[in-house]
Amino acid sequence: MKAKVRLGHRKTPFVTANMPNSEEQAIFSLPISEFLHNTSAGVLITNAQNYLIWVNPVVISSFDIGPAGEYILNKSYQEIISFFRPYIIDPEGFEEKMKELRLRQKPYYGWPVTFIDGRAIEISYLPLTENGRYKGSIWQIVDVTRHRLMQRELERARQDAEEAQKYQKEFLANMSHEKRTPLNVIIGMAHLLEETHLDLRQLEYVKTLKHSSGILLGLITDILDISRIEAGELQVSQREFNLGELIQSLKHTFELKIGQRPVKISATVDTQLQHLLVGDDLLLNQILMNLLGNADKFTKEGEIILTATLESWQENKLWVRFRVCDTGIGIRKDKLELVFQNYKQAEKEIREIYGGTGLGLAIAKQLVERQGGNILVEEHPGYSTCFSFNLPFIDTNKPAISGVRYGPRRRHIDFGGARLLVIEDNPMNLRYIISLLEKYHIHCQLATNAPDAIYFLDNRHYDLILMDIRIPGMDGFELTKRIRADEKLPNVATPIVATTAVTMESTATMARTIGITDILTKPYTPDQLLQILNKYLNEEETALIMEEAEELHINGYEFHQELNARYLRTLYENNIAYAADLFEIFIKTIRTEVRKLENYVHEKDLENLKNQVHKLKPNFAMVGLTWLTDKIQEMEDTLREDPDNPVEKIEALYADISADMNKYFPIIEDEFVKMLLFIEEHGVRR
């Protein structure tokens, strides 16, 4: 009796497509030989003993098996394998897979095999059974060489396109940077020229020069920003900031820019947003600068408003909704989808009249989405255009005390001889903390490693502990657990403030769980440290009265344009003397610390590398090299997320850091000298 052939798994029902039974029977009564003879695929059939009993014409024409396939017909399974082995690139793998299929006796489809002549085939295996008994098998061979070639060509084309796009972005970024450097010189010289004795016509020339160079700098900055974003080089850095101060600072900036034009600008912050937040304030500032710049450009008279409102709480994060609205020329509804596209403006006439790259809104959109938010254009009564976006932040529950200065005031600070333990191994941070604590007449004990810290904690009582999360010898979390575990120890109830370069929600949650009282994000300003000291050392909770004695307003000092001047102004607020101190420490220590980093990279000492990376992270930002802090953060993320094979990426990141260090170190040295001259000219003591 002949075996019944069923094309499919024995438990798989036939698909009939709702055909009448008579049609189904007619189709399945046709001889299977029609299919086997006429298919474009090669077919081989074996019997129950796995001897090859039949091949179709495609197999005969495709392989050198004799005119009628006599070289392999009636051959055993092993003989068939041995016949094909010399033709295949991986003969051992081929033989192993063939034996596996014979033993499993289960359908298998699309097994790729490559021949030494370059042909690529896919093999499918279908066992034939009757009443559960194995009766033989059908093997199908499909030549996919052309398909694979097309796939490879498409992949090569895709890679070429990506490579070309990468080179284009690098070219734009490099050209923008190369143009930016001499342009900064032009702007600086124009500024100096304006301060000389000029007649009215010359003054007008200088104003035109400054205005035009400012426009050009803005265009180049936009191109540089979009190149960095699209190349994936933009890092989101979380730190504490005062939202109210940021909003008011932007308002003041644009009030000065608007000047005498009949445009009113207002800014309001929700009364529920009165705490310090954790987020990337620099990116938020850039988004709002772009949107306000857009509103300013298109509003010749009328009003511009900036608002920040609490939108919702979700998973321990607060979402803030920002709106920038204006009474300018507006955007046609049929053009709204264009405004966030790169190099696009809503209408051709816009570029002709107002200029611009069409990148400002595209940059804002990508910066918003990079932080998990969403941006859109919405209707707002009384306004022509209203851009709205939301962003998530962490609420620190610390009151946002304004750091704005309007004149000389003195701090009357008396912490009653409080005793602090400072656990920190970074020389820059140590110098910074000691300088501040000495200024506030606070006695402090220093510990630069875990064993020393444990000794002091076990034998003396302190009113406050300032502790770096990462310290040599023990993780800061482990040290906190030890402090809180034994009620007999003198500091079991002492407030612990963790200082860290990264404040993530998970870090804050873990800190609270194990007994850390508060978190201070590096780098922090003198006022932020004072808030902590006042919170935990001033029993009467009196308000801070800020000291101005022999301190210098930073308003008259301009940081080097190659540094992140905006960040430095935010960090050091009104105190140029502290800035000079930190620049000096950086100059004295950074080369030694970077050499350690280099040694750990070359030796592939990943454990010490992790500690060194975390230790170095805040240092670069303190002198305005914020992008190097981002690269250090990327190195730390790589070590954490890909611990098994991070070496190649780590070496590339270190090469970038080293190159930038060599480039910008002379600028840091020159900036320090300039600070000293500035301080000397204004008679300020350090």
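The rules we used
- Residues numbered from 1 in each chain as written.
- Predicted model: local features only at pLDDT ≥ 70, side-chain atom pairs only at ≥ 80, totals over all residues.
- Heavy atoms only, no water.
- Helix = DSSP H or I, 4+ residues; strand = E, 2+ residues; numbered from the N terminus.
- Buried < 20%, exposed > 50% of the residue type's maximum accessible area, 1.4 Å probe, protein only.
- Areas by Shrake-Rupley, 256 points an atom, 1.4 Å probe, with all protein chains shown as cover.
- Axes fitted to C-alpha atoms, helices over the stretch in contact; angles between N-to-C directions.
- Parallel < 35°, antiparallel > 145°, perpendicular 65-115°, else oblique.
- Left-handed = near helix turned anticlockwise from the far one by under 90°.
- Contact = heavy atoms within 4.5 Å.
- Nonpolar A, V, L, I, M, F, W, Y, C, P; charged D, E, K, R; others polar.
- Expected span 1.5 Å × (residues − 1).
- Pairing = 2+ DSSP bridges.
- Salt bridge = Lys/Arg side-chain N within 4 Å of Asp/Glu carboxyl O.

Q: Sorry if this is basic, but what is going on with the overall build of the protein here?
A: Summing up its helical and strand segments, the protein has 21 helices and 19 strands in all. For the protein, buried positions account for 46% of its 686 residues. Accessible surface for the protein amounts to roughly 36,100 Å². Of this, 52% is attributable to carbon and sulfur atoms.

Q: How should I be thinking about the packing of helix α4 (residues 77-84) against helix α5 (residues 91-104) in this particular structure?
A: Any two packed helices are characterised by how steeply their axes cross, that is the angle between the axes, and by the distance between the axes. Closest axis-to-axis distance for the α4/α5 pair is 10 Å, and the angle between their directions is 155°. When the axis of α4 is compared with that of α5, the two are roughly antiparallel. Of the two elements, α4 crosses α5, and the hand of that crossing is right-handed. On the side of α4, the interface is formed by Tyr77, Gln78, Ile81 and Phe84, while α5 contributes Phe94, Glu95, Met98, Lys99 and Arg102. When grouped by side-chain class, the residues that make up the contact of α4 with α5 number 5 nonpolar, 1 polar and 3 charged.

Q: Hey, could you run me through helix α20 (residues 626-641) in this one?
A: Structurally, the α-helix is built with 3.6 residues per turn, so residues lying three or four positions apart point the same way. Look at α20: 22 Å from first C-alpha to last across 16 residues, which is about the 22 Å you get at 1.5 Å a residue. When you tally the buried positions in α20, you get 14 out of 16 residues, the bulk of the element.

Q: Would you mind showing me how to read the packing of helix α18 (residues 576-603) against helix α19 (residues 606-621) here?
A: Taken N-terminus to C-terminus, the directions of α18 and α19 make an angle of 150°; their axes are 10 Å apart at the nearest point. Put simply, α18 runs roughly antiparallel to α19. The two elements α18 and α19 cross, and the hand of that crossing is left-handed. Within the contact between the two elements, α18 uses Phe586, Ile590, Glu593, Val594, Lys596, Leu597, Tyr600 and Val601 and α19 uses Asn608, Leu609, Gln612, Val613, Lys615, Leu616, Asn619 and Phe620. Residue classes in the contact of α18 with α19 are distributed as 10 nonpolar, 3 polar and 3 charged.

Q: What's the story with the pairing of strand β8 (residues 275-279) in this structure? I'm lost.
A: The side chains of a regular strand alternate, residue by residue, between the two faces of the sheet. With 4 of 5 residues buried, β8 lies mostly within the body of the structure. Bridge count for strand β6 (residues 239-241) against β8 is 3 bridges, and the pairing is antiparallel. Paired with Phe241 across the bridge in β8 is Leu277. In this structure, β8 lies alongside strand β12 (residues 385-399), joined through 3 bridges in antiparallel fashion. Looking at the pairing, Leu277 lines up with Asp395 of β12.

Q: Sorry if this is basic, but what is going on with the pattern of salt bridges here?
A: When the charged atoms of two side chains with opposite charge come close together, those side chains can pair. For the coordinates displayed, the defined rule picks out 23 salt bridges. Notably, a salt bridge pairs Arg85 with Glu95, separated by 2.6 Å at the nearest N-O pair. Taken together, the residues Arg85 in the loop between α4 and α5 and Glu95 in helix α5 connect sequence positions 10 residues apart. Taking relative accessible area as the criterion, Arg85 reaches 25% and is therefore assigned partly exposed.

Any functional reading would require information that these geometric values do not contain.
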